[in-house]
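An overview of the molecular structure
Chain by chain, the residues:
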Amino acid sequence: MNKLFISCPMNGATKEEIGKRMEILHKLAELHFGEDLEVIDTWIEEDAPQNCKNTRVWYAGESIKRLSEADYYVGIDVHSYEYEKYFGCFVEDAIVHTMDIPICIFPKEIFIKD
């Protein structure tokens, strides 16, 4: 089964809200790509190491490791977000647009109300 990387805004959301967003994006991706997809777990439980100087970079790096497993990518349009608030989504989006991974992007209004 092909693997799906879901780029989902997590900043300021509860684990329950994130789970709902991930479920919706998973279903939308399967409809878009026309096949059942295994979701790559992108929830990073562990904390950044104590000697880490920039935790956002560390978490982005962990996310990128998981992105390397993806056959498909689904996310939301991050370009209308505040960069600082959604740093990880910007990083994932920039990387996936330069790689040979099929992409499906949805408008942010599906999940986030300004």
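Numbering of residues starts from 1 in each chain and follows the order in which that chain's sequence is written. The predicted nature of this model means local features are confined to residues of pLDDT at least 70 and side-chain atom pairs, given and counted, to a pLDDT of 80 or more, with totals for whole chains, interfaces and linings taken over all residues. Derived side-chain values reflect all non-hydrogen atoms in the structure, with water molecules and hydrogen atoms excluded from consideration.

Per the convention used, a helix needs a DSSP run of H or I reaching at least four residues, while a strand needs a run of E reaching at least two, with both numbered from the N terminus. Secondary structure assignment for the protein yields three helices and four strands. Traced from its N-terminal end to its C-terminal end, the protein shows the element sequence β-α-β-α-β-α-β. Seen through its principal axes, the protein has C-alpha atoms that stretch 45 × 30 × 30 Å. Buried residues in the protein amount to 40% of all 114 residues. Residue pairs in contact within the protein that sit at least 24 positions apart in sequence constitute 69% of those at least 6 positions apart. Total accessible area computed for the protein in this model is approximately 6,900 Å², and 52% of it derives from carbon and sulfur atoms. Within this scheme the basic residues Lys and Arg register as positive and the acidic residues Asp and Glu register as negative, but His and the chain ends are omitted. Each charge is placed at NZ for Lys, CZ for Arg, CG for Asp and CD for Glu. Between the averaged position of the 12 positive side-chain charges in the protein and that of its 22 negative side-chain charges there is a distance of 6 Å. Per-residue accessibility, obtained with a 1.4 Å probe over protein chains only, is compared with the maximum for each type, and a residue is labelled buried under 20%, exposed over 50%, and partly exposed between these values. By definition in these notes, contact holds between two residues if any of their heavy atoms fall within 4.5 Å. With residues, only the protein chains shown are counted as cover, and all accessible areas are computed by Shrake-Rupley using a 1.4 Å probe.

As a further point, take the pairing of strand β4 (residues 103-106). Side chains Cys 104 and Phe 106 of β4 all project onto a buried face; the interleaved residues Ile 103 and Ile 105 project onto a face where none is buried. Pairing between two strands requires that DSSP report at least two bridges joining them. Two strands pair when backbone bridges link them, and strand β3 (residues 72-76) and β4 are joined in this way by four bridges, in the parallel orientation. Of the residues in β4, the one forming a bridge with Val 74 is Cys 104.

Time to look at the sheet that holds strand β2 (residues 38-39). A sheet is described by the order of its strands in space; here four strands give the open sequence β2-β1-β3-β4, paired in parallel fashion. Of all strands in the sheet, those with a lone pairing partner are β2 and β4, marking the two edges. Sheet topology places strand β1 (residues 3-6) next to β2; two bridges connect them, and they run parallel. Following the sheet pairing, Lys 3 is matched in β2 by Glu 38. Its contacts with the sheet put helix α3 (residues 87-96) on β1, β3 and β4, and the angle it makes with β3 is roughly 140°. Inter-axis angles, ranging from 0 to 180 degrees, are taken between N-to-C directions of lines fitted to C-alpha atoms, where helices are fitted over the stretch in contact.

Take the packing of aromatic side chains next. Each Phe, Tyr or Trp ring, with Trp reduced to its six-membered ring, pairs with another whose centre is within 6.5 Å; inter-plane angles below 30 degrees give stacked pairs, above 60 give edge-to-face pairs, and intermediate values give tilted ones. All told, the structure shown has three aromatic pairs when counted by the stated rule. Seen in terms of ring centroids, Phe 5 and Tyr 73 are 5.9 Å apart; in terms of plane orientation they differ by 5°. Their pairing is stacked. Linking Phe 5 in strand β1 with Tyr 73 in strand β3, this pair joins segments that are 68 residues apart in sequence. In this structure, Phe 5 and Tyr 73 share a single accessibility class: buried. Here the aromatic rings of Trp 58 and Tyr 59 are separated by 4.9 Å at their centres, their planes lie at 85°, and the arrangement is edge-to-face.

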